[in-house]
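Fold and contact review
Chain by chain, the residues run as shown.
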Amino acid sequence: MPRPASMALALVLLAVLAVCGFALYIASTIARPHGNSLTEERRWEQDHGLWGDFESLERTAYVAPGKDGYELHCELVSAPEPSDRYVIISHGFRANRYGAAKYVGAGGASATTASSMTYAPTERTHLPPAPWARPSRRTS
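Residues numbered from 1 in each chain as written. Predicted model: local features only at pLDDT ≥ 70, side-chain atom pairs only at ≥ 80, totals over all residues. Heavy atoms only, no water.

Before going further, it helps to examine the overall build of the protein. Across its full length, the protein holds two helices and six strands. Mapped in sequence order, the helices and strands of the protein form the string α-α-β-β-β-β-β-β. As displayed, the protein offers around 9,400 Å² of accessible surface, 62% of which is attributable to carbon and sulfur atoms. (Helix = DSSP H or I, 4+ residues; strand = E, 2+ residues; numbered from the N terminus. Areas by Shrake-Rupley, 256 points an atom, 1.4 Å probe, with all protein chains shown as cover.)

Another aspect to go through is the packing of aromatic side chains. The tally for this structure, following the rule as stated, stands at three aromatic pairs. Through a chain of ring-to-ring contacts, three or more aromatic side chains come together here, namely W51, F54 and Y98. A cation over a ring is seen here: R97 above Y98, with NZ or CZ 5.8 Å from the ring centre. (Phe/Tyr/Trp six-rings, centres within 6.5 Å; stacked < 30°, edge-to-face > 60°. Lys NZ or Arg CZ within 6 Å of the ring centre and 35° of its normal.)

Turning our eyes to something else, we now look at helix α2 (residues 38-47). Within the span of α2, buried status applies to L38, E41 and E45. Considered in projection along α2, the buried side chains sweep an arc of 65 degrees and stay on one side of the axis. The positive-phi residue at the C-terminal boundary of α2 is G49, with phi of around 70 degrees. (Buried < 20%, exposed > 50% of the residue type's maximum accessible area, 1.4 Å probe, protein only. Arc of directions from axis to C-beta.)

Turning next to a nonpolar patch on the surface. A surface patch of nonpolar side chains, amounting to about 560 Å² of accessible area, comprises F22, Y25, I26, I30 and F93. Along the polypeptide, I30 turns up in helix α1 (residues 4-31). (Patch = residues over 30% accessible without salt bridge, like charges linked within 9 Å, V, L, I, M, F, W, Y side chains within 5 Å. Salt bridge = Lys/Arg side-chain N within 4 Å of Asp/Glu carboxyl O.)

With a phi close to 55 degrees, D68 is a non-glycine residue in the positive phi region. Residue position: D68 is located in the loop between β1 (59-65) and β2 (71-77). When its relative accessible area of 75% is taken as the criterion, D68 is described as exposed.

We now examine the confidence of the model for the protein. The predicted model of the protein has a mean per-residue pLDDT of 74, with 73% of residues at 70 or higher. Predicted confidence in the protein is weakest over strand β4 (residues 113-114), with a mean pLDDT of 40, and strongest over α1, with 90. Confidence drops under pLDDT 50 across residues 107-128; counting only partners more than four residues distant or on other chains, this segment forms 99 contacts. (pLDDT = per-residue confidence, 0-100. Contact = heavy atoms within 4.5 Å.)

Using the criterion set out here, one finds five salt bridges in the structure. Measuring nitrogen to oxygen at the nearest pair gives 3.8 Å for the salt bridge that ties R59 to E55. By relative accessible area, R59 is classed as partly exposed at 27%. Classification of E55 by relative accessible area gives partly exposed; the value is 41%. The shortest N-O distance in the salt bridge between R97 and E75 comes to 3.3 Å. Taken together, the residues span a long stretch of sequence, with R97 in the loop between β3 (86-87) and β4 and E75 in strand β2 at a distance of 22 residues. Where salt bridges share partners, they join R42, E55, R59, E75 and R97 into one cluster.

As for its placement among the helices and strands, E41 is situated in helix α2. For E41, which is buried and forms no salt bridge, the nearest opposite charge comes from K102, at a distance of 5.1 Å. Among all residues touching E41, those that are not within four sequence positions of it are N36, N96, Y98 and G99. (Lys, Arg positive; Asp, Glu negative; His and termini not counted.)

Below you can see the structure in the form of structure tokens.
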């Protein structure tokens, strides 16, 4: 029969290994995140009934300059009624702008979705694109 001291030592070592393994997993997830492509995210949203009427909304794609030259791919979604209010939606870690589609349209607020942040004007005709944004060449 094992001695209590050796049993306690084995449990402590097992706990340390478990904590180290979990910490390594979290660190690798942060260092190399894997998210869905726009196509995969759109399919997932549609399969789970979260896409709603997003496709029918008036949208304009933009690229906004971010820190250190990083490009933020945004979509400006106009509200059905003119307004001077905006809604900004930013997706979560390992997500993309299509993951925020569930918050726009009939089921949610009129807003925009972006790669790192989302610009969502609720004015259809009176708000020009932000001066720092340029039209996107990206199609998906």
